[in-house]
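A look at the structure
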Amino acid sequence: MAASDAVIELKGVERHYVQGSDKLTILSGVDFSLRRGEIVALVAPSGTGKSTLLHTAGLLERPDAGDVILAGRACGRLSDDQRTSIRRNDVGFVYQFHHLLPEFSALENLMMPQLIRGLPREEAAKRAAQLLDYMQIGKRGHHRPAELSGGEQQRVAIARAVANAPLVLLADEPTGNLDPVTASYVFEALEALVRQSGLAALIATHNHELAARMDRRVTLADGKVVPL
Ligand code: ADP
Ligand code: MG
């Protein structure tokens, strides 16, 4: 793949944890990139470094060596403020647990990141409603997270992750808490959203059926990303 096609590129990324006198190497030179419009499954056993990889790619953690290049910008040496700003604009994150704000409605949860970014309230509300419609939960906009099913909560979490039209969607076992049928529907909605918006997605999952529906599959082996 030509580097110019990549929305996000990890180059020689290393991550180590120090525990007492031991140095634990989790990522040992990851070279990996995602193209616009591409959905990639990250399938690897627990403890191999999937979350570490996603957090590093999403600028939540800094690589110990190597760099993350997002939309052509090398992010490793930027200040925390610059990284936060890039993350807010260009990265969407979805976790296994929805992490929605419990005291706010689904609509308000989707408006929040847009308001933080400085969008007018009316515009944020309009986009929030559109995204909920797109995720087929338009009728649930005024409900709080506790009033929604697990599948609906994850739909809201996915919609929130793309509320600011990021370049990259990173999802850490987003359907891990859902039954297989619900997981399949939630993934269908996620896929439609990614295809329609042209963003790039890396999705950690243990669900082989969902992984088979993505464009390609990668795994972590000896701290490196390799095709599966
Ligand atoms: P996965 O998401 O594939 O289950 P993680 O990226 O969460 O894997 O963790 C990879 C390894 O790194 C695990 O062995 C975990 O215990 C270790 N690890 C993760 N975070 C830390 C940390 N903050 N300090 C020390 N070890 C950590
Ligand atoms: Mg994990």
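Note that this is a predicted model, so its numbers are computed, not measured.

**Quick look at the sheet that holds strand 9 (residues 216–221)**
- Within the open sheet, the 6 strands sit side by side as 6-7-8-3-9-10. Their pairing is mixed. Each having just a single partner strand, strand 6 (91–94) and strand 10 (224–227) make up the two edges of the open sheet. The sheet shows a mean angle of 25 degrees between the axes of neighbouring strands, taken without regard to direction.
- Direction of pairing for strand 9 relative to strand 10: antiparallel, over a ladder of 4 bridges. The residue bridging Leu220 from the neighbouring strand is Val225, located in strand 10.
- In this fold helix 5 (residues 150–161) packs onto strand 6 and strand 7 (168–172), with an angle of close to 165 degrees to the strand it touches most, strand 6.

**With respect to the site of ligand 1**
- Taken together, the neighbourhood of ligand 1 is formed by Tyr17, Gln19, Ile26, Pro45, Ser46, Gly47, Thr48, Gly49, Lys50, Ser51 and Thr52.
- Within the contact set of ligand 1, an oxygen atom lies 2.7 Å away from a backbone nitrogen or oxygen of Gly47.
- Notes on ligand 1: free accessible area 570 Å², of which the protein chains cover 62%.
- For the shell around ligand 1, the secondary-structure elements that each account for two or more residues are strand 1 (6–19) and helix 1 (50–57).
- Top contributing element to the shell around ligand 1 by residue count: helix 1, with 3 residues.
- Among the residues making up the shell around ligand 1, the classes are represented as 3 nonpolar, 7 polar and 1 charged.

**Let's talk about the packing of aromatic side chains**
- If you walk through the whole model with that rule in mind, you get 1 aromatic pair.
- Aromatic side chains Phe93 and Tyr95 sit 5.0 Å apart centroid to centroid with 20 degrees between the ring planes, which places their arrangement in the stacked category.
- For Phe93, a relative accessible area of 14% translates into the label buried.

Conventions adopted
Residues numbered from 1 in each chain as written. Chains lettered and ligands numbered in written order. Predicted model: local features only at pLDDT ≥ 70, side-chain atom pairs only at ≥ 80, totals over all residues. Heavy atoms only, no water. Pairing = 2+ DSSP bridges. Helix = DSSP H or I, 4+ residues; strand = E, 2+ residues; numbered from the N terminus. Axes fitted to C-alpha atoms, helices over the stretch in contact; angles between N-to-C directions. Contact = heavy atoms within 4.5 Å. Near = heavy atom within 4 Å. Polar contact = N/O pair within 3.5 Å; in protein donor to acceptor, adjacent residues only side chain to side chain. Areas by Shrake-Rupley, 256 points an atom, 1.4 Å probe, with all protein chains shown as cover. Nonpolar A, V, L, I, M, F, W, Y, C, P; charged D, E, K, R; others polar. Phe/Tyr/Trp six-rings, centres within 6.5 Å; stacked < 30°, edge-to-face > 60°. Buried < 20%, exposed > 50% of the residue type's maximum accessible area, 1.4 Å probe, protein only.

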